[in-house]
Amino acid sequence: MRIGNNLYTPNQTLYGFLRYGVKIKSDHSEHTRTIHLIDWANPTANDFAIAEEVTISGKYDKRPDIVLYVNGIALGVLELKRATVGVAEGIAQNLDNQSSTFIRPFFTTMQLVMAGNDSEGLRYGTIETQAKYYLEWREENPAYNPKTDSKDQQYLPQYNCGAVESPLDCALLRIASKPRFLELIHDFVVFDNGVKKLCRHNQYFGLKAAQSRIRQREGGIIWHTQGSGKSLTMVWLAKWLRENVDDSRVLIITDRTELDEQIEGVFKGVDEHIYRCTSGRDMVGVLNQPIEWLMCSLIHKFGAGEEGSEQQTSTFIKELLSSIPKDFSAKGNLFVFVDECHRTQSGKLHSAMQKLLPNALFIGFTGTPLLDNDKQASIATFGSFIHTYKFDQAVNDKVVLDLCYEARDISQYIGNKTKVDEFFELKTKGLSKIAKVRVKQKWLTMQSVLSSKSRLQEIVNDIVLDMETKPRLESRRGNAMLVCADVYQACKVYELFAATDPALASKTAIITSYQPTAASIKGEGGDESNTENLHKYKIYRKMLAAYFNQPEDEAVKRVAEFEKKVKKQFKEQPAQMRLLIVVDKLLTGFDAPSATYLYIDKKMQNHGLFQAICRVNRLDGEEKTYGYIIDYKDLFNSIKDAMSNYTGGAFAEYDSSDVQDLLKNRLKQAKLKLEETREAIKALCEPVALPRDTNDYLAYFVSSNTLNRDEAEQNEGKRLLFYKLSGAYLRAYAEIAGELSEVGYSTSEADKIRVEVRHYHDAREAVKHASGDYKDAKDLEPAMRHIFDQFIRADDSDVLADFGDKGLIEVLVDSGIAALEKQLPENVRNNKKAVAETIENNIRKSISDNRSVNPAYYDKLSELLDTLIQQRQTEVQAYQQYLEKLKALAEQMSQGQAAQICPATLKTQAMRNLYANLEQDETLTLAVHETVMSYKKAGWTGNNAAALLKEKRVRQAIMQIAGLEVAKIDGLMNVIKAQYEYH
């Protein structure tokens, strides 16, 4: 099977063979037979094996720590790290190994990809799972009773479980026990629109609980909070029903377009055809025939009124019951999933559906708590809770982010110039001088075009300044949504953005259910009138024309296309779609990890508010630490009452325990995060020798002596933690830089914190460059640089030269010493010892990375480097002269074996590498080369049984001609397999 740059497709194909078997026939006269590779029904009947440090051949060989085999097929891989090294390093290693540079073919059969250590435990994913989506398993306590037991008893301990103590061993006992391991692979894998996914623990135990209920012919409610994977739980339950319940059929009922589209998209993404009913009559007809097994129905298409309203539900029910034919009898064993079953009208819908489908089993799904008054009615309607996974649990599991809330009293600034000036100072307090000058220029431009003194204008001003000052928004890596009371207000706000900040307006869009058709302005009095309907009509047309760069009459025909494109841009290109203005649409079922701020200027409460605020709680990398709710309506009366317990007000109809800690005070949370990250970075750096200058940090995190070839690699775990904690401290500072006094810090304390943040950031940059980690961390740099520039950088001298994707050694060789020094942080380039050790460490790392291809050559380079370092440490020599010697060594290394004089017969790089490692024996080199070319077969460097047999033939042939002892043959074979030419 050809792999190329795509691991997803071959892995999906092979998963199909694993799960369903391989169809074969010996010849044309025989019937096709299915050969099952795994006995799924009897897990212990399979052959399980574990192998340690398996050498996998590739362009560069790799040795995964542990490989899990079932019937000889590699299905799991585990990278183990010391307790002092972060699990993140093991995850990064797994991701590196899946690249085409290393051992991608090995992962074509892989199902569980894991990393762990004895302090953090285990993290698991599957092929190509991004680091931020690796999961932690939690085992539910089978004896837990939510009515009598405290919440902390819901899960079994993460350590000291049975015969083992460490969290790593506990997790492995649970996730990699033979039955559980195969069950996860068989029932909880999904290939979703190009992304392979495994279940989270809440999805696993939720589905197991649902299976138990279904076996007893009982329905109920699954409450899994927003963002925890409720849609995929539906998919897995539907697939399980199809395979385990005879004649099963599934009907999914939704009442909002976003939910309907999301559910259809999820099922189509996993290659399951789902039939969308076009009317109540159509649904009855489909149910009356046994053709479709999976169906969905959207209520709002069948009636007037707002989406999800009781009016629509009543209209739908009326049409449904009036269209039942006399001979109607729903075919099959029917299961009805009602999405968002928390809504009040679901009880009426359920009663009508029971009349239509008296033998169906109903299961309700909700992502929000049930209203206190509706709880008993909902339970009476669907049955008791099958499984719950609440918001606080999801936050603790790092499935979703905490939400920070802030009520803003914008009215105090309206029409008061002094207050407006205070407003600007407040918004820009804490910014660096450079950033403040830039924002001031924007503010002056805004002031010159402002004429309105309206409340809406002040909200627009507030958001415009947030876009220039808040870290995620200013860097363009995150974006925002503004919720308006109605479509007219949405259009008015858009118009104000266009007048205030045209650049931002060009990356802003209104998404509502409004359609700017001729019918929408019928009877409005012509173009000269100024009614609300005409205003909406005109603004929409202008917006569409600007977006498509077309005349209004043409662009207005593309509303559906506009919405689709804008939503895609908002999710995938946050810098190009920075703000969405909405009313009701996109507040449910719209998942955009980039969404970081939700501005609310609409009276909202209960379910609608809960679902809306969860639009910004999705994970999006380390730099997104919270979702932010900015409330211009003071929905919780927190301004007047000076309170920060957000369980009353707009959430008053919920049981307070169901929404406890859903929203947290932004300033309190920001101070807590600042103190946590400050203490963590100080604790990590405590062992760094005083006075903790640049050389001290390099000695501790990189190498105390660059002659030590292994120290920098051994310190990698410490460095990764240092990068993480120093970055977290900088981000935490940025969140509250302008408000340190408001949370209780004195001026001297605030200055001290600012100096500390700068100190750790500078040390981080020095370590990163000196260790050679600079290129590996490059994808994280833009966000960190934005924050540093915005809140710390003093002047332009802090700006480093940008050499694109080049590493330090490439810059040194291509552009010289002066260019290299420009790329180094100021605290390094002003320190001669630090510059020398930075270059030495980078050369050492490059030698280590490339050694397997030509050990003899790179070992000589390593010896030359040792000699130079010894000279620097023991002899007095000019600094510039020493750097020139290092540059000459770097040039020699970059030229590779081509720089060596080799016989003309050795025409390829692989042959020249063999020559260097065969004591420059030309005859033997040619013989080995010819032998490899004659005996190698496709896939001979792999790790499966067939590949090992092919490798054995090559080894035996080389032994016959080389006359070398076994140890030397092993080394030679490693060199041969490292040559890409021989693959």
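Reading guide: rules and limits
Residues numbered from 1 in each chain as written. Predicted model: local features only at pLDDT ≥ 70, side-chain atom pairs only at ≥ 80, totals over all residues. Heavy atoms only, no water. Helix = DSSP H or I, 4+ residues; strand = E, 2+ residues; numbered from the N terminus. Buried < 20%, exposed > 50% of the residue type's maximum accessible area, 1.4 Å probe, protein only. Contact = heavy atoms within 4.5 Å. Areas by Shrake-Rupley, 256 points an atom, 1.4 Å probe, with all protein chains shown as cover. Pairing = 2+ DSSP bridges. Expected span 1.5 Å × (residues − 1). Arc of directions from axis to C-beta. Axes fitted to C-alpha atoms, helices over the stretch in contact; angles between N-to-C directions. Left-handed = near helix turned anticlockwise from the far one by under 90°. Nonpolar A, V, L, I, M, F, W, Y, C, P; charged D, E, K, R; others polar. Polar contact = N/O pair within 3.5 Å; in protein donor to acceptor, adjacent residues only side chain to side chain. Core = buried A, V, L, I, M, F, W, Y, C linked by side-chain atoms within 4.5 Å. Domains from an automatic or database assignment. pLDDT = per-residue confidence, 0-100. Parallel < 35°, antiparallel > 145°, perpendicular 65-115°, else oblique. Phe/Tyr/Trp six-rings, centres within 6.5 Å; stacked < 30°, edge-to-face > 60°. Lys NZ or Arg CZ within 6 Å of the ring centre and 35° of its normal.

Remarks on the overall build of the chain
- A tally of regular secondary structure across the chain gives 40 helices and 23 strands.
- Scored against the burial criterion, the 983 residues of the chain give a buried share of 55%.
- Counted over contacts in the chain with a minimum sequence separation of 6, partners at least 24 positions apart contribute 68%.
- As displayed, the chain has an accessible area near 42,900 Å², and 49% of this comes from carbon and sulfur atoms.

Describing the pairing of strand β17 (residues 403-407)
- Buried residues dominate β17, accounting for five of its five residues.
- Of the two faces of β17, the one holding Leu403, Tyr405 and Ala407 and the one holding Cys404 and Glu406 are both buried throughout.
- Inspection of the sheet shows β17 paired to strand β23 (residues 663-665) by three bridges, in the parallel sense. When the sheet's bridge partners are listed, Cys404 is paired in β23 with Lys664.

So, helix α1 (residues 8-20)
- Along its 13 residues, α1 runs 18 Å from first to last C-alpha, staying within 8% of the 18 Å computed at 1.5 Å per residue.
- Turning to α1, its buried residues are Tyr8, Pro10, Asn11, Leu14, Tyr15, Leu18 and Arg19. The arc that holds every buried residue of α1, seen down its axis, measures 165 degrees, which confines them to one face.
- If you follow the buried residues of α1, they end up packed against β5 (73-80), α4 (178-187), β8 (189-192), β9 (195-198) and α6 (230-244).
- The positive-phi residue at the C-terminal boundary of α1 is Gly21, with phi of around 95 degrees.

What to know about the packing of helix α19 (residues 532-548) against helix α21 (residues 559-572)
- With their axes 11 Å apart at the nearest point, α19 and α21 run at an angle of 65 degrees to one another. Between α19 and α21 the crossing geometry is left-handed. Taking contact as the criterion, the partners of Met543, Leu544, Tyr547 and Phe548 in α19 are, on α21, Val559, Glu561, Phe562, Lys565, Val566 and Gln569.
- The residue makeup of the contact of α19 with α21, split by class, is seven nonpolar, one polar and two charged.

Concerning the side chain of Asp620
- Locating Asp620 in the fold gives a position in the loop between α22 (606-613) and β22 (627-631).
- Residue classification places Asp620 among the buried residues on the basis of a relative accessible area of 18%.
- Side chain to side chain, Asp620 and Lys132 meet in a polar contact 3.3 Å long.
- Here Arg472 takes part through its side chain, which lies 2.9 Å from a polar atom of the side chain of Asp620.
- Other than its neighbours up to four places away in sequence, Asp620 contacts Lys132, Arg472, Arg477, Pro593 and Ser594.

Quick word on the nonpolar core
- Judged by nonpolar contacts, the single largest core of 95 residues is most densely connected at Phe497, Leu580, Ile613, Phe651 and Leu663.
- At eight residues, α19 tops the list of elements feeding residues into this core.
- Domain assignment of the residues forming this core places at least three in each of domain 3 (403-410 + 451-647) and domain 4 (657-772).
- Leu663 has contacts with Leu403, Tyr405, Ile613, Ile629, Phe636, Tyr646 and Phe651, leaving out every residue within four places of it along the chain.
- Counting 60 residues, the second-largest nonpolar core is a separate cluster that includes Tyr15, Leu18, Val189 and Met234.

With respect to the environment of Asp187
- By the secondary structure assignment, Asp187 is in helix α4.
- When residues no more than four places from it in sequence are discounted, the contact partners of Asp187 are Arg19 and Trp236.
- At 2.6 Å, the side chain of Asp187 and the side chain of His186 are in polar contact.

Focus: the confidence of the model for the chain
- Mean pLDDT over the chain works out to 84, with 88% of the residues at or above the 70 mark.
- The model gives residues 301-307 a pLDDT under 50, and that stretch makes 24 contacts with residues more than four places away or in other chains.
- Long-range and interchain partners of residues 776-780, a stretch whose pLDDT sits below 50, account for six contacts in this model, where long-range means more than four residues apart.

Things to note about the packing of helix α37 (residues 909-917) against helix α38 (residues 922-935)
- Packing of α37 against α38 brings their axes to within 9 Å, and their N-to-C directions diverge by 130 degrees. With respect to each other, α37 and α38 are oriented oblique. Crossing of α37 against α38: the hand is right-handed. Seen from α37, the contacting residues are Met911, Leu914 and Tyr915; seen from α38, they are Glu922, Thr925, Leu926, Val928 and His929.

A short note on the packing of aromatic side chains
- One pass over the full model with this rule turns up 31 aromatic pairs.
- Ring geometry for Phe636 and Phe651: centres 5.3 Å apart, planes at 65 degrees, overall edge-to-face. Here Phe636, found in the loop between β22 and α23 (638-641), pairs with Phe651, found in the loop between α23 and α24 (656-659); they are 15 residues apart in sequence, far enough to count as distant.
- When the centroid spacing of 4.9 Å and the interplanar angle of 85 degrees are considered together, the rings of Tyr700 and Phe701 count as edge-to-face.
- A connected cluster of aromatic rings, assembled from ring pairs, spans Tyr124, Trp137, Phe188, Tyr204, Phe205 and Trp236.
- The lysine or arginine in question, Arg558, covers the ring of Phe548, its NZ or CZ lying 3.8 Å from the ring centre.
- Looking at Lys718, its charged tip hangs above the ring of Tyr700, at a distance of 3.6 Å from the centre.

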